[in-house]
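Fold and contact review
Spelled out, the chains give:
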Amino acid sequence: MQIDLEIENGTITHCAFIGGCRGNTQGVAKLVTGRNADEVAAELEGIQCRGGTSCPDQLSKAIRSYPG
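Just so you know, these numbers come straight off a predicted model, no measurement behind them. (Residues numbered from 1 in each chain as written. Predicted model: local features only at pLDDT ≥ 70, side-chain atom pairs only at ≥ 80, totals over all residues. Heavy atoms only, no water.)

Notes on unusual backbone geometry
How we decide: Each helix corresponds to a stretch of at least 4 residues labelled H or I by DSSP, and each strand to a stretch of at least 2 residues labelled E; elements are numbered beginning at the N terminus. Here's how the labels work: a residue is buried when its accessible area is under 20% of the maximum for its type, exposed when over 50%, partly exposed in between, all with a 1.4 Å probe on protein chains only.
Unusually for a residue other than glycine, asparagine 9 sits at a positive phi of about 50 degrees. Structurally, asparagine 9 is set in the loop between β1 (2–8) and β2 (11–18). On the basis of relative accessible area, asparagine 9 is assigned to the exposed category, the value being 82%.

Here it is, written out as structure tokens:
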């Protein structure tokens, strides 16, 4: 899975998943766009699915490692 992410001034302005469960990842992307990145990362961190992680958990990691 890959995450296409853009954050401007602490706000998620774009989020798209490539891979993962299409319906769930599209829903997560819509729900987080326009929200504060740090708040989203804190809410999604640690959510489990398969392999000890999940699409939301991976988004949390992507937000935390976003350059800027």
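Some details on the pairing of β2
What counts here: Two strands are counted as paired when DSSP detects at least two bridges linking them.
Bridge count between β1 and β2: seven bridges; the pairing is antiparallel. Residue pairing across strands places glutamine 2 opposite isoleucine 18, the latter belonging to β2. The hairpin turn running from β1 into β2, its antiparallel successor, is two residues long, and asparagine 9 in that turn takes a positive phi close to 50 degrees.

Considerations on helix α2 (residues 37–44)
Going by this rule: By definition, the arc is the one covered by directions from the helix axis to the C-beta atoms. Whether two residues touch is decided by their heavy atoms; if any such pair falls within 4.5 Å, the residues are in contact. Two N or O atoms count as a polar contact when they lie within 3.5 Å, although within protein this holds only if one can serve as hydrogen donor and the other as acceptor, and sequence-adjacent residues are included solely when both atoms are side-chain atoms.
Among the residues of α2, those classed as buried are Ala37, Val40, Ala41 and Leu44. Looking down the long axis of α2, one finds its buried residues gathered within 100 degrees of arc, a one-sided arrangement. In the core, the buried residues of α2 are packed alongside β1, β2, α1 (22–32) and α3 (55–64). For α2, the N-terminal cap is asparagine 36; the gap from its side-chain oxygen to the backbone nitrogen of aspartate 38 is 3.0 Å. Glycine 46 sits one or two positions beyond α2 and adopts a positive phi of about 90 degrees.

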